[in-house]
Number of protein chains: 2
Amino acid sequence: MTDDKAERHKSRMQQRKALVDAGIARATEVRGVVIVLTGDGKGKSSSAFGTAVRALGHGYKVGIVQFIKGTWECGERNILQTLPGVEYHVMGTGFTWETQDAEKDKAAAEACWTESEHLLRDPEIKLVVLDELTYILNYKYLDKDRVLDAIRRRPRDQTVIITGRGAKKYLEDLADTFSEVKAIKHAFQSGVAAQKGIEW
Amino acid sequence: MTDDKAERHKSRMQQRKALVDAGIARATEVRGVVIVLTGDGKGKSSSAFGTAVRALGHGYKVGIVQFIKGTWECGERNILQTLPGVEYHVMGTGFTWETQDAEKDKAAAEACWTESEHLLRDPEIKLVVLDELTYILNYKYLDKDRVLDAIRRRPRDQTVIITGRGAKKYLEDLADTFSEVKAIKHAFQSGVAAQKGIEW
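Rules used throughout
Residues numbered from 1 in each chain as written. Chains lettered and ligands numbered in written order. Predicted model: local features only at pLDDT ≥ 70, side-chain atom pairs only at ≥ 80, totals over all residues. Heavy atoms only, no water. Helix = DSSP H or I, 4+ residues; strand = E, 2+ residues; numbered from the N terminus. Buried < 20%, exposed > 50% of the residue type's maximum accessible area, 1.4 Å probe, protein only. Contact = heavy atoms within 4.5 Å. Areas by Shrake-Rupley, 256 points an atom, 1.4 Å probe, with all protein chains shown as cover. Pairing = 2+ DSSP bridges. Axes fitted to C-alpha atoms, helices over the stretch in contact; angles between N-to-C directions. Buried area = accessible area lost by both parts, 1.4 Å probe. Salt bridge = Lys/Arg side-chain N within 4 Å of Asp/Glu carboxyl O. Arc of directions from axis to C-beta. Parallel < 35°, antiparallel > 145°, perpendicular 65-115°, else oblique. Left-handed = near helix turned anticlockwise from the far one by under 90°. Core = buried A, V, L, I, M, F, W, Y, C linked by side-chain atoms within 4.5 Å. Phe/Tyr/Trp six-rings, centres within 6.5 Å; stacked < 30°, edge-to-face > 60°. Lys NZ or Arg CZ within 6 Å of the ring centre and 35° of its normal.

### Here we look at the overall build of chain A
For step 1, the next point in the chain: Counting its regular elements, chain A contains 8 helices and 6 strands.
For step 2, the next point in the chain: Put simply, chain A runs from its N terminus to its C terminus through helices and strands in the order α-β-α-β-α-β-α-α-β-α-α-β-α-β.
For step 3, the next point in the chain: Taken along its principal axes, the extent of the C-alpha atoms in chain A is 70 × 45 × 35 Å.
For step 4, the next point in the chain: Looking at chain A as a whole, 54% of its 200 residues qualify as buried.
For step 5, the next point in the chain: A separation threshold of at least 6 residues defines the contact pool for chain A, and within that pool the share at least 24 residues apart is 76%.
For step 6, the next point in the chain: For chain A, the exposed area adds up to about 8,900 Å²; of that, 48% sits on carbon and sulfur atoms.

As structure tokens, then:
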């Protein structure tokens, strides 16, 4: 690399740093946020669990509620349940197309939501993960207003992550951060089987 | 819920299950895949780390290479480095706009890639995470063909996850699964500071 090129790189990076630093200087509000991860692409639940590990790595307490899932062994649960500082609840019914029983699913969702409300009232809990909550809301297994209300009333420093496909407008309105994960390509569509350690 | 409504739900779920089961029956190829998580939205690296925890939870070995990052304490690293079965490498230079030194960044990227190549040759490693690799490729700090070649020649059962903004077409072509995380909203833009345990 010529000195000239190196100088240009340095100058561009100085300008970029000024922009980044100005952004950081503007972001001064310190509080927990609501993060919604939706869309049909891969990576929503794993992102929530990755953030849980991040919070635990700083010694914070984390609450995790897995809606829908819980009928099969799950790699992240094997680890997370052994770490100190984690409260873990699992709805445990499995997919709606497996149970085929709306009444049973609804009762399980209610019980799971009661656990979530405890977490959402506890100022000791830094992060609450509500994994796959969107399905429960979209199937109307829970009263939407009850859910939104409990999230809005949570302790100021608590962050909530909601995952699942098809998040509606009211979740976008509630969210501070709203990411849509788009599946541009998915291995499953080209005939590759889901595998242990990657998909579950 | 009336019996009629419950019956209709059951019938819809039976149809859905038939579709899901047919999809599973078609996906018979068993091999590792390349997953690319790109886009400007929140959740790419945390998703890769969540998947690493998932793989570890089943007793698999995992290799993690963090490009760019590494100058500050990082929650997920605190935990992951203590778990058995993890090989962890960190480039440790920080953002390009912090170093402002292309030559130094390039040398660090080279050293980090040599570690990645070891992981990509080791059949004992189930999952290799190449966190923030897209920046290194886009800045041309590494030879693209050398990178693609090493990923293509990896052991058949090994999965690779590449994260970072601005993944190019050649990464989409290489990928089995390609997710684009779109930022519909971001708390930082509305003045909320990034916080320990959530953003790092």
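### Focus: the sheet that holds strand E4 (residues 125–131) of chain B
For step 1, the next point in the chain: If you trace the 12 strands from one edge of the open sheet to the other, you get E3(A)-E2(A)-E4(A)-E5(A)-E1(A)-E6(A)-E6(B)-E1(B)-E5(B)-E4(B)-E2(B)-E3(B), paired in mixed fashion. Here the strands that pair on one side only, and so sit at the sheet edges, are strand E3 (86–90) of chain A together with strand E3 (86–90) of chain B. Pairwise comparison of adjacent strand axes, ignoring direction, gives a mean angle of 15° for this sheet.
For step 2, the next point in the chain: For strand E6 (residues 177–185) of chain A and strand E6 (residues 177–185) of chain B, the ladder comprises 7 bridges, and the chain directions are antiparallel. When the sheet's bridge partners are listed, Ala183(A) is paired in E6(B) with Ser179(B).
For step 3, the next point in the chain: Each of strand E2 (61–66), E3 and strand E4 (125–131) of chain A touches helix H5 (residues 102–119) of chain A; the most contacted strand, E2(A), lies at about 165° to it.

### Quick word on the environment of Ala18(A)
For step 1, the next point in the chain: For Ala18(A), the location among the structural elements is in helix H1 (residues 3–26).
For step 2, the next point in the chain: Overall, Ala18(A) belongs to the partly exposed group, its relative accessible area being 47%.

### Things to note about the interface of chain B and chain A
For step 1, the next point in the chain: Of the residues lining the interface, 81 residues belong to chain B; the matching set on chain A comes to 81 residues.
For step 2, the next point in the chain: Both sides of the chain B and chain A interface together cover about 7,100 Å² of buried area, and 59% of this is carbon and sulfur.
For step 3, the next point in the chain: The interface formed by chain B and chain A contains 2 salt bridges.
For step 4, the next point in the chain: Note that Glu76(A) and Arg54(B) form a salt bridge whose closest N and O atoms lie 2.8 Å from each other.

### Observations concerning helix H7 (residues 144–152) of chain A
All names here are of chain A.
For step 1, the next point in the chain: Turning to H7, its buried residues number three or more, namely Val 147, Leu 148, Ala 150 and Ile 151. The arc that holds every buried residue of H7, seen down its axis, measures 165°, which confines them to one face.
For step 2, the next point in the chain: Where H7 is buried, its residues contact strand E1 (34–38), H5, E4, helix H6 (133–138), strand E5 (159–163) and helix H8 (169–174).

### Observations concerning the packing of H5(A) against H7(A)
Residue and element names in this part refer to chain A.
For step 1, the next point in the chain: Contact geometry for H5 and H7: axes closest at 11 Å, N-to-C directions at 15°. Classified by the angle their axes make, H5 and H7 are roughly parallel. When the axes of H5 and H7 are compared, the crossing they make is left-handed. Across the interface between the two elements, Glu 110, Trp 113, Thr 114 and Glu 117 of H5 pack against Arg 146, Val 147, Ala 150 and Ile 151 of H7.

### Side note on the nonpolar core
For step 1, the next point in the chain: In terms of nonpolar packing, the biggest core is built from 43 residues, with Ile64(A), Leu80(A), Leu127(A), Ile64(B), Leu80(B) and Leu127(B) touching the most fellow members.
For step 2, the next point in the chain: Contact partners of Leu127(A), with chain neighbours within four places excluded, come to Thr51(A), Ala52(A), Ala55(A), Lys61(A), Val62(A), Gly63(A), Thr159(A), Ile161(A) and Ile198(B).
For step 3, the next point in the chain: One finds Val34(B), Leu130(B), Ile162(B) and Ala175(B) within the second-largest nonpolar core, a separate group that totals 33 residues.

### Comments concerning the packing of aromatic side chains
Aromatic ring pairs are described here by two measures, namely the spacing of the ring centres and the angle between the planes.
For step 1, the next point in the chain: In total, this model carries 2 aromatic pairs over all chains according to the counting rule given.
For step 2, the next point in the chain: Centre to centre, the rings of Tyr139(A) and Tyr141(A) are 5.4 Å apart; their planes meet at 20°, and the pair counts as stacked.
For step 3, the next point in the chain: Judged by its relative accessible area of 26%, Tyr139(A) is partly exposed.
For step 4, the next point in the chain: Its end group placed over the ring of Tyr60(B), Lys126(B) keeps NZ or CZ at 4.6 Å from the ring centre.

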